[in-house]
Amino acid sequence: ESQSKPERSNGIIDGSHDFKPSQLSWQAQEYLYYKKTSDWYWSLAFAGLAMAGVAVYEQNFIFLLLVIVGVFTILLYAVRRPKTITVVLSGQGVGIDDRLFPYETLQSFWIFYRVGDIKELSLKTTNMIANAIRIPLGNTDPVTVRSFLLRFLPEKSQDESLIDTLTRRIGF
């Protein structure tokens with residue numbers, strides 16, 4: 001008639017320290033936004049005009065069109081503010097807003113973390129075209145994310161791409 005109760009140790013039920021959450025979620029800005037100064041915009045205009053000048057000098061009007069479209073696209077992204085995304089790690093895969101990336105489509109993960117600089121989860125995918133997904137960690141503890149993902153994916157060191165390094169250095 002007497003039911004045995006789990007023993008308590010320091011106010012914690014024994015075995016509960018091995019608890020592994022079934023999912024982990026957080027919200028973050030989709031990318032790190034850098035406020036652009038007028039010097040930044042002048043530099044873009046100068047670079048665009050220089051490339052346009054080369055295109056006209058070489059009479060390469062396809063290149064000129066490409067320069068115009070490129071500068072316009074950079075301007076659109078430069079003024080665009082990041083939206084807040086919701087990331088969910090679960091037993092099924094990695095969810096970003098309404099999109100799920102099942103673990104079967106992911107090869108490995110790596111966390112880029114430098115205090116005050118970068119805090120991102122990078123997922124290597126099986127997709128040949130978009131073979132990496134970068135997810136900002138926001139205020140989430142990178143160690144917690146790593147511990148969760150190790151249950152489902154191998155951790156493999158990745159190098160930061162040249163594009164990622166350059167865009168961060170120029171404040172894009």
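Procedures and definitions
Residues numbered from 1 in each chain as written. Predicted model: local features only at pLDDT ≥ 70, side-chain atom pairs only at ≥ 80, totals over all residues. Heavy atoms only, no water. Helix = DSSP H or I, 4+ residues; strand = E, 2+ residues; numbered from the N terminus. Buried < 20%, exposed > 50% of the residue type's maximum accessible area, 1.4 Å probe, protein only. Contact = heavy atoms within 4.5 Å. Areas by Shrake-Rupley, 256 points an atom, 1.4 Å probe, with all protein chains shown as cover. pLDDT = per-residue confidence, 0-100. Arc of directions from axis to C-beta. Pairing = 2+ DSSP bridges. Patch = residues over 30% accessible without salt bridge, like charges linked within 9 Å, V, L, I, M, F, W, Y side chains within 5 Å. Salt bridge = Lys/Arg side-chain N within 4 Å of Asp/Glu carboxyl O.

Caption draft 1: Representation of the overall build of the chain in the model. In terms of helices and strands, the chain carries 4 helices and 9 strands. Beginning at the N terminus, the succession of helices and strands in the chain can be written as β-β-β-α-α-β-β-β-β-β-β-α-α. A burial count over the chain gives 28% of its 172 residues as buried. In the chain, once contacts between residues fewer than 6 apart in sequence are set aside, the share between residues at least 24 apart is 60%. Surface exposure of the chain reaches about 12,400 Å², of which carbon and sulfur atoms provide 58%.

Caption draft 2: A look at the environment of Phe148. By the element assignment, Phe148 lies in helix H3 (residues 142-149). A sequence separation of 58 residues divides Phe148 from Ser90, and the C-alpha atoms of the two residues are 8.7 Å apart.

Caption draft 3: Highlighting the confidence of the model for the chain. A residue-level look at the chain finds 88% of positions with pLDDT of 70 or above and a mean pLDDT of 85. Within the model, the stretch residues 1-17 combines pLDDT values under 50 with 6 contacts to residues more than four positions away or in other chains.

Caption draft 4: Representation of H3. Among all positions in H3, only Pro142, Val145, Phe148 and Leu149 are buried. On an axial view of H3, the arc spanned by its buried residues comes to 125°, and they lie on one face.

Caption draft 5: Looking closely at the pairing of strand S9 (residues 132-136). Of the strand pairs in this sheet, strand S8 (residues 118-125) and S9 are connected by 5 bridges, and their pairing is antiparallel. Each residue of the ladder has a partner; that of Ser122, found in S9, is Arg134. Connecting S8 to the antiparallel partner S9 that follows it, the hairpin turn spans 6 residues.

Caption draft 6: Region of interest: a nonpolar patch on the surface. On the surface, a nonpolar cluster with roughly 340 Å² of combined accessible area is contributed by Phe72, Leu76 and Tyr77. Topologically, Phe72 is positioned in helix H2 (residues 61-79).

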